[in-house]
Amino acid sequence: MASATHVYRNGTILTMDSGGSQAQALAVRGETILAVGSDAEIMALADPHTVVTDLRGRTMLPGFIDGHSHFVSAGLMAATQLDLSSPPVGGVKNIAEIKGLIRAKAAETPKGEWILGFGYDDTGLEDKRHPLASDIDEVAPEHPVLLRHVSGHLSACNGLALAKANYTKDTPDPVGGVIRRDEHGNPNGVLEEPPAREPVFRHIPAPTEADWMEGIKAACAAYTAKGVTTAQDGFTATGDWGALKRAHELGLLRNRVQILPGVSRMDINTFNTHVSGTQLTADGKISLGAAKLLADGSLQCYTGYLSNPYHKVIYDLPDGPMWRGYPMEPEQQFIEKVVGLHRQGWQLAIHGNGDDAIQMILNAYEEAQKRYPRADARHIVIHCQTVREDQLDRIKRLGVVPSFFVVHTYFWGDRHYEMFLGQDRAERISPLRSALKRGIPFSNHNDTFVTPIDPLLSVWSAVNRRTSGGRILGENQTIPVMDALRSVTSWAAYQACEERIKGSLEPGKLADFVILEANPLTVAKETIKDIGISATIVGDEVVYGSLD
């Protein structure tokens, strides 16, 4: 066997291979793993030129793989926009504080230029409502303003922003979206889902080149600090793809990124392949993933599409207490779109929160396979929050991969219990144990920008299911730590069709690692989220922290 260029020894190495094996040491040659074994076995592969790192008892795992997020957008927002996040994400407690932040931004922004913000959470505010156009106009009458809801599925705009889209009392609601209105029927500034928001978005100037690059640098810093070696750009638009390529050319991309082309946001025929896992750069920094679609919206803003009504509706919605949300488009139209993409050879990743949306997705996947059978299509349901037991049976039969948003139990669990879903459905969101019992491989994700990137928090949530208020939400859906770790390593690599090169520490795979200050398998399970990241390593290069 060839000699190692780098040896890591004297550690606890969780390989995350199929047998869950552990080792003391690992050898690298170049940017790939050469061998894994005991200190003696691995040191035998060293020569006088080999770099030897003493892990000093720390724990090495495969680098965390992001099951779903919006890498480029998250960085751009963090670098260039107002952060309006409410607890437990941020510190903005009410609409008065939002208005104060907008007022301060308006004072330093030339008149007529846009002010953008993100992360406000209506049900997390003391006011329990959205900021309206009238609120924003009080503090920024001379600037168009758009504030993105924490879910990413709604926006709050002021009068100037609405005027740019020519929204009036007579403007009808678009299919798949809603223009919320005041008691007189006039738009009140709150816009639901892309069909209602895009006419405003089209008037927002594109980011400058400096903004794009600062955003990608911010994203790299945030993701690598949490041990993520492969991020996902989960609804890639034309501008995102261009910026990512330029950042890579400039040497700014520290971690790897898999892009999921947004079917409504770019020409997916840009790529000369439909095969997920295809490396789009020679160094493997950027790869192609599934084509991305949306079936519904978000549960925490009442646009997720449920089979039974929301538990408690706090807004004046069309069906009142019988409100169930709505799909993005008519089901047959949606099915034909899915069938067409499947026929072309795409893996598909479809956003579905409500169980009726999940039913639509599974109907479409089943129809696609019926018309055009394809082995190991490995289609994905993103979020899959209120999936039912019968639907999990279909997921197993169809070979579909769920990517769960289990940290919802922490960030919104109390509100799911009390407001959105009620006790029974809330205790079953992200039913990981039900999936595990069926042998369904799944990933877990943070959906960053929606919640901060933090795979260890996903692991902690999967194991504990504790809400920010301290409630245990669905203890019978907790899973063992090892399986939770698989959901952010080997199973996430499987979802991405990159299991041959990522997700476990085995010879021939990429030398992408995270080194933790403690072993998640041996610490008290309540403390997993607090484990420190000593170093994040991509291609055997330290991109965060230190090996000292």
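- Going by the annotation in an unreviewed UniProt entry, the name recorded for the protein is Amidohydrolase 3 domain-containing protein, with Bilophila wadsworthia given as the source organism.

Overview of the UniProt feature "domain: Amidohydrolase" (unreviewed entry) in the protein
Then comes step 1: Taking the numbering used here, the UniProt-annotated feature "domain: Amidohydrolase" (unreviewed entry) corresponds to residues 52-544.
Then comes step 2: Secondary structure across residues 52-544 comprises 32% helix and 18% strand; the distance between its end C-alpha atoms is 19 Å.

Points about the environment of His 342
Then comes step 1: Locating His 342 in the fold gives a position in helix α9 (residues 331-344).
Then comes step 2: Put simply, His 342 and Pro 373 are 31 residues apart on the chain and 9.4 Å apart in space, counted from C-alpha to C-alpha.
Then comes step 3: Contact partners of His 342, with chain neighbours within four places excluded, come to Leu 348, Ala 368, Gln 369, Tyr 372, Arg 374, Ala 377 and His 379.

Here's the deal with the pattern of salt bridges
Then comes step 1: This structure, assessed with the given rule, holds 33 salt bridges.
Then comes step 2: Note that Arg 129 is salt-bridged to Asp 135, the shortest N-O span being 2.8 Å.
Then comes step 3: Judged by its relative accessible area of 8%, Asp 135 is buried.
Then comes step 4: With a shortest N-O distance of 3.0 Å, Arg 324 and Asp 356 are connected by a salt bridge. Linking Arg 324 in the loop between β18 (291-294) and α9 with Asp 356 in helix α10 (residues 355-371), this pair joins segments that are 32 residues apart in sequence.

Considering the side chain of Arg 58
Then comes step 1: Considering the arrangement of structural elements, one finds Arg 58 in the loop between β6 (51-54) and β7 (59-62).
Then comes step 2: Within the buried core, Arg 58 has no salt-bridge partner, and the shortest N-O distance to an opposite charge, that of Asp 54, equals 6.8 Å.
Then comes step 3: Within the local environment of Arg 58, its side chain forms a polar contact with the backbone oxygen of Leu 55, the two atoms lying 2.9 Å apart.
Then comes step 4: Within the structure, Arg 58 has its side chain in polar contact with the backbone oxygen of Leu 547 (distance 3.1 Å).
Then comes step 5: Discounting residues that sit within four places of it in the chain, Arg 58 has contacts with Gly 11, Thr 12, Ile 515, Leu 516, Glu 517, Ser 534, Ser 546, Leu 547 and Asp 548.

Looking at the nonpolar core
Then comes step 1: Within the largest apolar cluster, 88 residues are counted, with the highest numbers of intra-cluster contacts made by Phe 71, Ile 216, Leu 244, Ile 350 and Tyr 365.
Then comes step 2: Among the elements that take part in this core, α10 stands out by supplying 8 residues, more than any other.
Then comes step 3: Taken together, domain 1 (72-202) and domain 2 (290-480) each give at least three residues to this core, which thus spans both.
Then comes step 4: Apart from the residues within four sequence positions on either side, Leu 244 is in contact with Phe 71, Val 72, Ile 216, Leu 253, Val 257, Ile 259 and Ile 286.
Then comes step 5: Judged by nonpolar contacts, the second largest core, of 16 residues, contains Ile 115, Ile 136, Val 139 and Leu 147.

Some remarks on the domain arrangement of the protein
Then comes step 1: Structurally, the protein comprises domain 1 (72-202) and domain 2 (290-480).
Then comes step 2: Here the C-alpha centre of domain 2 lies 26 Å away from the C-alpha centre of domain 1.
Then comes step 3: Counting residues at the interface gives 28 residues for domain 1, matched by 26 residues for domain 2.
Then comes step 4: Between domain 1 and domain 2, a total of about 2,000 Å² is buried, with carbon and sulfur atoms accounting for 68% of that surface.
Then comes step 5: Run the count over domain 1 and domain 2 and you get 1 salt bridge.
Then comes step 6: Here Arg 415 and Asp 121 are joined by a salt bridge, their closest N and O atoms 3.0 Å apart.
Then comes step 7: At the boundary of domain 1 with domain 2, the tally comes to 6 residue pairs in polar contact (both at pLDDT 80 or more).
Then comes step 8: Every element with two or more residues in the side of domain 1 that touches domain 2 is listed here: α2 (71-80), β11 (145-149), β13 (178-181) and α6 (193-201).
Then comes step 9: With 3 residues, the top contributor of residues to the side of domain 1 that touches domain 2 is α2.

Reading guide: rules and limits
- Residues numbered from 1 in each chain as written.
- Predicted model: local features only at pLDDT ≥ 70, side-chain atom pairs only at ≥ 80, totals over all residues.
- Heavy atoms only, no water.
- UniProt positions renumbered as here; feature names shortened; annotations may be inferred.
- Helix = DSSP H or I, 4+ residues; strand = E, 2+ residues; numbered from the N terminus.
- Contact = heavy atoms within 4.5 Å.
- Salt bridge = Lys/Arg side-chain N within 4 Å of Asp/Glu carboxyl O.
- Buried < 20%, exposed > 50% of the residue type's maximum accessible area, 1.4 Å probe, protein only.
- Lys, Arg positive; Asp, Glu negative; His and termini not counted.
- Polar contact = N/O pair within 3.5 Å; in protein donor to acceptor, adjacent residues only side chain to side chain.
- Core = buried A, V, L, I, M, F, W, Y, C linked by side-chain atoms within 4.5 Å.
- Domains from an automatic or database assignment.
- Buried area = accessible area lost by both parts, 1.4 Å probe.

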